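Each chain is listed here by its residues.
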Amino acid sequence: MYKRKLFYFGLTTAFILLVALLSTAISAHLTRENLKQSTIAQSLLVEHEKLSSISYRLFKQLTDEVIFGRTANQAFVRNKQALIEQSLDKIRQLELEQREALGINITQGSVEDTDELVQLINKIIGEFQAVVVSSNGMPLNQQEELRSLLEVTIDDQFREAINSAVSRQSRVVAAINARIDTLNTVIVWFTIGLGALSYPLIIYGCYWLFNQLYQPLMLIQGATDAIAAGHYGHSVSVPLDDEFEALAMSINQLAKRLQEHEANESKSRKQLEYDVKQRTSELTDANLQLTKIDSRRRQFIADVSHELRTPLTIIRGEAQVTLRLQAASEVDYKETLRSILEQSVNLSHLVDDLLLLTRAEMNQLHLEIMQVRIKPLLDAEIAKWQRLHPDRTYTLVTGQKIDNTAVMIDSARIQQVVSILLDNATKYSTAGQPVEVSISNTGAFMTIAVKDSGEGISAAEVENIFERFVRFSKRNEGLGLGLSIAKAIVEAHGGQIAVESVQGQGSTFSFTLPAERSV
């Protein structure tokens, strides 16, 4: 609605401005045309005066011919005749333009009188030539024809024709000036009338628009002030124009939402307090977890120091004892070197494990990937452990279509993972209990699981079992790196490792590998 009101106001103002501009353009055009015709009339006056002057000088030269003979002033006579013809041509052209622009009523007789003037000039020239030809030797003042030519034709008829043309053009100039004055008067009064009509309309329109805009703004300001003061029930209920109605609805919705927000503020505050408390508890737990990890780190450093010191101590002791012998035999040297080699190998394995974990953290674990059949690999690993522990039973359970299934793996690393899981299953179960290895194909992944029948793992130990430095509470053997290494290797292959355990029923460690294809 308010947009429509603005449109009407702008349309009215544009119409008034268009009328003013059109009036100005028409007035300027008419004034330019009147000035042009005034200029033409002035030019005609000048040309008639010029024609009169040239004609009288021609008549004087013709008179000299009568007096001094036919050969006198012939060149000047021809020159004056040419000038007269040029002047007459220009007069005809200007009079035709004037008649075309002003009409025959105002320019009546101008073109016709010019033709008569041309005939009169030609007549005078002809009479002069006749007098020259018929000269009978009488005194000039007694020649009646010459006297009549000079006194009647030139002084009366020619002068009267020139004066008549000049008077007529003067009347035309006066008429044009009168038209210009009339047009200026009309323009002035039209401007006054248009201003007297449009000025009140514009003032009234501005006042009307101001009122139309002021009332909605005051209502909206009152509503916003009430909302700012916390009185959310104060809404804009007065019908407004469409544009302001949308704004009023938005303000009312804002007030309603603020009221709802204030109503829910206490609940949100309580929820925030609860969330802060919960977050604080989580941070406390995280801090405790970090404390445990730091404790494990300290324990790991101590264990690593112990593990490194023990073989180094043995190596140093063996070397010192052998060096103290006064007469050591070849057997003594071999025993010493064998012991040193054994401890060096243990140290090398420890360093390799630590280096593997470090490279896995830096995503720099190098894998020699190739296509490998998984079942023969597991058969070989189970056969090895069966030889090492003949008192146990190691079995392999396979699913359908497993025999020819191949995977893209680093076979040595996967053997290491299986060996770690079999070692834990053997270590943490009672002697003589069986260990089961199973393979299953689940779409895009192949799952390998190692199940034992040991005592199981507590929930607290399961939660952190794949972290470094974690060892089962009942067993203190090793550094707690095996499962961390297994997890790093499996994840480097794009798989996952998990554990399921129930205390008193044993544990099942399983890991997945992306299945390649059947060969």
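As shown above, the structure is provided for reference.
For clarity, every value in this text was computed on a predicted model and none was experimentally measured. (Residues numbered from 1 in each chain as written. Predicted model: local features only at pLDDT ≥ 70, side-chain atom pairs only at ≥ 80, totals over all residues. Heavy atoms only, no water.)

K.L.:
What am I meant to see in the overall build of the protein chain here?
P.N.:
Counting its regular elements, the protein chain contains ten helices and seven strands. Out of the 519 residues in the protein chain, the part that is buried amounts to 32%. Considering only residue pairs separated by 6 or more positions, the protein chain has 73% of its internal contacts joining residues 24 or more positions apart. When the accessible surface of the protein chain is split by element, carbon and sulfur atoms take 56% of a total near 32,000 Å². (Helix = DSSP H or I, 4+ residues; strand = E, 2+ residues; numbered from the N terminus. Buried < 20%, exposed > 50% of the residue type's maximum accessible area, 1.4 Å probe, protein only. Contact = heavy atoms within 4.5 Å. Areas by Shrake-Rupley, 256 points an atom, 1.4 Å probe, with all protein chains shown as cover.)

K.L.:
What exactly am I supposed to notice about a nonpolar patch on the surface here?
P.N.:
Nonpolar side chains collect at one region of the surface, where Leu 18, Leu 22, Ile 26 and Leu 30 lie side by side and expose about 360 Å² of accessible area between them. Exposure remark for Ile 26: the relative accessible area of 51% places this residue in the exposed category. (Patch = residues over 30% accessible without salt bridge, like charges linked within 9 Å, V, L, I, M, F, W, Y side chains within 5 Å. Salt bridge = Lys/Arg side-chain N within 4 Å of Asp/Glu carboxyl O.)

K.L.:
When you look at helix H6 (residues 330–361) in this model, what are you seeing that I'm missing?
P.N.:
Since the α-helix turns once every 3.6 residues, residues separated by three or four places project in the same direction. Between its first and last C-alpha, H6 extends 46 Å over 32 residues, near the 46 Å set by a 1.5 Å rise per residue. Along H6, the residues that are buried comprise Thr 336, Ser 339, Gln 343, Leu 347, Leu 350, Leu 356 and Leu 357. (Expected span 1.5 Å × (residues − 1).)

K.L.:
Please clarify how the packing of aromatic side chains should be interpreted in this entry.
P.N.:
The relative placement of two aromatic rings is captured by the distance of their centres and the angle of their planes. Taken as a whole, this structure holds one aromatic pair when the rule is applied. Relative to Phe 509, the ring of Phe 466 lies with its centre 6.2 Å away and its plane at 85°, an arrangement referred to as edge-to-face. Placement of Phe 466 in the loop between helix H9 (459–463) and helix H10 (482–492) and of Phe 509 in strand E7 (residues 506–518) is noted, with a sequence separation of 43 residues between them. Assessed through its relative accessible area of 17%, Phe 466 is described here as buried. Residue class for Phe 509 comes out buried when judged on its relative accessible area of 6%. (Phe/Tyr/Trp six-rings, centres within 6.5 Å; stacked < 30°, edge-to-face > 60°.)

K.L.:
When you look at the nonpolar core in this model, what are you seeing that I'm missing?
P.N.:
In globular proteins that are soluble, nonpolar side chains generally tend to be buried together. Membership of the largest hydrophobic core comes to 42 residues, with the highest contact counts inside it found for Ile 409, Leu 422, Ile 448, Phe 509 and Phe 511. Per element, the largest residue contribution to this core is seven residues, and it comes from helix H8 (residues 411–427). The contacts of Ile 409, once residues within four sequence positions are left out, are Glu 368, Ile 369, Met 370, Val 372, Ile 374, Leu 377, Ile 414, His 493 and Leu 513. Listed in part, the 21 residues of the second largest apolar core include Phe 59, Ile 84, Leu 88 and Leu 120. (Core = buried A, V, L, I, M, F, W, Y, C linked by side-chain atoms within 4.5 Å.)

K.L.:
What is the right way to read the pattern of salt bridges from this model?
P.N.:
When the charged atoms of two side chains with opposite charge come close together, those side chains can pair. According to the stated counting rule, one finds six salt bridges in the structure shown. Measuring nitrogen to oxygen at the nearest pair gives 3.1 Å for the salt bridge that ties Glu 282 to Arg 279. Of this pair, Glu 282 and Arg 279 both sit in helix H5 (residues 242–324), three residues apart, which is roughly one turn of the helix. Under the relative-accessibility criterion, Arg 279 is labelled partly exposed at 48%.

K.L.:
Sorry if this is basic, but what is going on with the packing of H6 against H10 here?
P.N.:
Each pair of packed helices can be summarised by the angle the axes make with each other and by the distance between the axes. Interhelical geometry of H6 versus H10 gives an angle of 40° and a closest axis separation of 10 Å. Classified by the interaxial angle, the pair formed by H6 and H10 is oblique. Between H6 and H10 the crossing geometry is left-handed. Contacts between H6 and H10 involve Asp 353, Leu 356, Leu 357 and Ala 360 on the former and, on the latter, Ser 484, Ile 485, Ala 488 and Ile 489. (Axes fitted to C-alpha atoms, helices over the stretch in contact; angles between N-to-C directions. Parallel < 35°, antiparallel > 145°, perpendicular 65-115°, else oblique. Left-handed = near helix turned anticlockwise from the far one by under 90°.)

K.L.:
Would you mind showing me how to read H10 here?
P.N.:
All of the buried residues in H10 are Leu 483, Ser 484, Ile 485, Ala 486, Ala 488, Ile 489 and Val 490. Positive backbone phi, approximately 90°, marks Gly 494, located one or two places after H10.

K.L.:
Honestly, the environment of Ile 465 in this entry has me stumped. Any pointers?
P.N.:
Tracing the chain through its elements places Ile 465 in the loop between H9 and H10. Distance in space between the C-alpha atoms of Ile 465 and Gly 480 is 8.9 Å, their sequence separation being 15 residues.

K.L.:
Any chance you could explain the packing of H8 against H10 here in plain terms?
P.N.:
Relative orientation of the contacting elements H8 and H10 amounts to 145°, with a least axis distance of 9 Å. Regarding H8 and H10, the two cross each other, and that crossing is left-handed. Along its contact with H8, which presents Arg 413, Ile 414, Gln 416, Val 417, Ile 420, Leu 421 and Asn 424, the element H10 presents Gly 482, Leu 483, Ile 485, Ala 486, Ile 489 and Val 490. Class assignment of the residues belonging to the contact of H8 with H10 gives a composition of nine nonpolar, three polar and one charged. (Nonpolar A, V, L, I, M, F, W, Y, C, P; charged D, E, K, R; others polar.)

K.L.:
What am I meant to see in the side chain of Ser 507 here?
P.N.:
Examined against the element boundaries, Ser 507 turns out to sit in strand E7. Given the relative accessible area of 3%, Ser 507 is considered buried. There is a polar contact of 2.7 Å between the side chain of Ser 507 and the side chain of Ser 501. Non-local contacts of Ser 507, meaning those with residues more than four positions away in its chain, are made with Val 450, Lys 451, Asp 452, Gly 456, Ile 457, Glu 500 and Ser 501. (Polar contact = N/O pair within 3.5 Å; in protein donor to acceptor, adjacent residues only side chain to side chain.)

K.L.:
In this structure, what is going on with the side chain of Ser 87? I would like to understand it.
P.N.:
Here Ser 87 lies in helix H2 (residues 74–102). In this structure, Ser 87 is in contact with Glu 47 and Leu 51, ignoring residues within four places of it in sequence.

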